[in-house]
2 protein chains.
Amino acid sequence: MAVNLTEKRADELLEIDGIRLFTGRAGIKQQNRDDLTLMVLGGGHTVGAVFTQNRFCAAPVHIAKSHLFDQDGVCALVVNTGNANAGTGAQGRLDAIKVCAAAAEQVGCQSNQVMPFSTGVILEPLPVDKIVAALPQVRPAFWSDAARAIMTTDTVPKAASRQGLVGEKHTVRATGIAKGSGMIHPNMATMLSFIATDAKVSQPILQLMTQEIADESFNTITVDGDTSTNDSFVIMATGRCGQSEIDNTADPRYAQLKALLGSLALELAQAIVRDGEGATKFITVEVQNAKTREEARKVAYAVAHSPLVKTAFFASDPNLGRLLAAVGYAGIEDLDVDALKMWLDDVLVAENGGRAESYTEEAGQAVMNRPEITVRIDLQRGDTVAVVYTCDLSHEYVSINADYRS
Amino acid sequence: MAVNLTEKRADELLEIDGIRLFTGRAGIKQQNRDDLTLMVLGGGHTVGAVFTQNRFCAAPVHIAKSHLFDQDGVCALVVNTGNANAGTGAQGRLDAIKVCAAAAEQVGCQSNQVMPFSTGVILEPLPVDKIVAALPQVRPAFWSDAARAIMTTDTVPKAASRQGLVGEKHTVRATGIAKGSGMIHPNMATMLSFIATDAKVSQPILQLMTQEIADESFNTITVDGDTSTNDSFVIMATGRCGQSEIDNTADPRYAQLKALLGSLALELAQAIVRDGEGATKFITVEVQNAKTREEARKVAYAVAHSPLVKTAFFASDPNLGRLLAAVGYAGIEDLDVDALKMWLDDVLVAENGGRAESYTEEAGQAVMNRPEITVRIDLQRGDTVAVVYTCDLSHEYVSINADYRS
């Protein structure tokens, strides 16, 4: 069902010098697929990461955060699917540390140098013995293998690469993978994404760049408005491209690298929406000329989260009233609905507080039949923009989520 | 599909002295059913009303509000289904006034003494000529007829009555009707409800009581989180029961009458959830021991709005993790997840940051199989409570909303 999304072959993704990947089978939920991924960094690297803001954040999130900000530096990442180790209390944190210790022994580092990540069912104890037993069996893997090994309800593995000049002499490469399809919402949802680049960036600057990139990529997507307990986004900079270290934001290479990695992160984030549970349409909601970014986002999310709007897209029904109603309840108290304009792709649908005079049902229907649609809302009260990406709400969404545990 | 909801017969609903009902056929959307309701008040009455807070509030909402607060007093209400007259700009307001004028001529009052109400498709011009032509043809009706005439996607007409002592000598009667099934959310959604009572209450005090009752009934229900452009709740007090006027809140009869009408409004509000689009389960979410009412409501609505929680209820799947994740992202920044407890009916499911030790999958499954379920969440950080009512998210919801306009 994924909207315009296809699997990348191994040879379509750039290898990144300074990071080695391994995948294996712990048999946590399914026996005949890889569900364990190990990423090992080769030294001289830095790591930045952002995590879910859910108060029920999972045990591995607690541990990964703590290890990220330890003095010793991160040497490896270990990811399992099938069990999220969330809502598992103190035992869950002990289990996450056990996984780190097993990975550390294998890699030859300290356990506080390993960041753990888990995704899958919540409130079930992590089968830590299965993971510890499987770790020595992992095999070297391509990015395409890792993209597949971190999947849960995803129907298509998500991966992409970029390369480009950063500074005048050095071509930087980057490859990223992501998983997630439901529960995708700003502030990180059941979403994991890992990007590696051979750029050289100091840790504090990489951490800042990771936050800024997350805000403009993973934090602009929504499938069903739920935010999860485990979501994490990591950028690993191996420093192997030969450039000198980027250690401040005034360095013009900061913006160049951020643009390169940001475009990669946005492609991965959009891939998650394209593979949204039951998605048949990819919807861009762009709110223009708002007073503030917060206000623009409020309106965009009210539209993107409305089950009535989302079912209308599923039905290819130009039910504009539902769109306007969602704008109306977004919480902008002094919104002048007569000043607002709204477009579906290039068709003006609403102005002067109602349907545009030039609008025809045929023109609206022609847009609604498309698999990718942009809703553009001009609030005409400021100069700030926000864009969010979402998908429609289909029968398949209900089926997937009614059956997930069985 | 409605959950434990059946149609009331005409003789199960109390007639209220001082108000006459009429229904008729304007043929706005369907030809072979009544879609027009006229309520005529007999003098000596007062009216209180609350309206949607959607910024795209419909033309009839503008006009009804303006007529309610006019000096001349309200004499009649006219309600059409099939077209909401929303997002129709200045023409929509003119159309609503034309309907008022036609009703006023028939009733023998001024047009600013008529409150208009519309529900149905938005952004389509109101077929005002059909309504004006049909008004002289309306026939006297029972409350059960009116409950049926105001339906849109409702599968069961919603009506209820109450009677009880208010003061020491006077038995007060009240009957109410309501419509609505999707888009139901606090601050009033595609929801219309009209209650008539023979109590005698001054207008300002009735207005206050209407607001207080709405806050504890219609503003505690949610089907899909969308709020509509047209929602309105009206209480008409005919004053015919023989009591002296209640004109201040310190009068002990204020609390008695509010309890009587409040219980009626809550039954009607819950009926809307029971008939939620595609509903197969009626869910009560009770948040206890919060610091503030706002905080309690935030948590209750996060749970009640989560599509993942709602599909789990549809599947009768005790997927507790989704419940906890929703609590976690409700936006209570300093929430101590280890202190929180959660029950499904009488089964303790979560404590100490994870699944309760006493919990068994069998016990959880037994609760989830029931058609009515209470989720109780004890935040253990204050002494404030909030309760909201919702339903599950089923395949049928998607079908209904994907097909609504066709």
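Residues numbered from 1 in each chain as written. Chains lettered and ligands numbered in written order. Predicted model: local features only at pLDDT ≥ 70, side-chain atom pairs only at ≥ 80, totals over all residues. Heavy atoms only, no water.

As recorded in an unreviewed UniProt entry, chain A goes by Arginine biosynthesis bifunctional protein ArgJ and comes from Neisseria subflava. As its UniProt record puts it under Function (unreviewed entry), chain A is described as follows: "Catalyzes two activities which are involved in the cyclic version of arginine biosynthesis: the synthesis of N-acetylglutamate from glutamate and acetyl-CoA as the acetyl donor, and of ornithine by transacetylation between N(2)-acetylornithine and glutamate." Quoted verbatim from the Subunit (unreviewed entry) field of the UniProt record, the comment on chain A reads "Heterotetramer of two alpha and two beta chains." (UniProt positions renumbered as here; feature names shortened; annotations may be inferred.)

(A) Looking closely at the side chain of Ser 161 of chain A. All names here are of chain A. Relative to the assigned elements, Ser 161 resides in strand β7 (residues 158-166). We classify Ser 161 as buried; its relative accessible area is 18%. Polar contacts involving the side chain of Ser 161 include one to the main-chain amide nitrogen of Leu 14, which spans 2.9 Å. A polar contact of 2.7 Å, which involves the side chain of Ser 161, links it to the side chain of Thr 175. Once residues lying within four places of it in the same chain are set aside, the contact partners of Ser 161 are Glu 12, Leu 13, Leu 14, Ala 174, Thr 175 and Leu 264. (Helix = DSSP H or I, 4+ residues; strand = E, 2+ residues; numbered from the N terminus. Buried < 20%, exposed > 50% of the residue type's maximum accessible area, 1.4 Å probe, protein only. Polar contact = N/O pair within 3.5 Å; in protein donor to acceptor, adjacent residues only side chain to side chain. Contact = heavy atoms within 4.5 Å.)

(B) Structural detail: the relation of the copies chain A and chain B. The transform that puts chain A on chain B rotates by 180 degrees and translates by 0.0 Å along the axis, for an RMSD of 0.0 Å. Such a turn and shift between the copies fits a two-fold axis. Residue His 395 of chain A of chain A places its C-alpha closer to the rotation axis than any other residue of that unit, at 2.8 Å. (Least-squares fit on C-alpha atoms with pLDDT ≥ 70 in both.)

(C) Geometry of the pairing of strand β12 (residues 341-344) of chain B. Residues and elements named next belong to chain B. In this sheet, strand β15 (residues 372-378) lies alongside β12 in antiparallel orientation, the contact comprising four bridges. Looking across to β15, one finds that Trp 343 is bridged to Arg 376. Where β12 lies against strand β13 (residues 347-351), three bridges are found, and the strand directions are antiparallel. Each bridged residue has a counterpart across the sheet, and for Met 342 the counterpart in β13 is Ala 350. Taking the residues between adjacent antiparallel strands as the criterion, β12 and β13 are bridged by two residues, where Asp 345 takes a positive phi near 50 degrees. (Pairing = 2+ DSSP bridges.)

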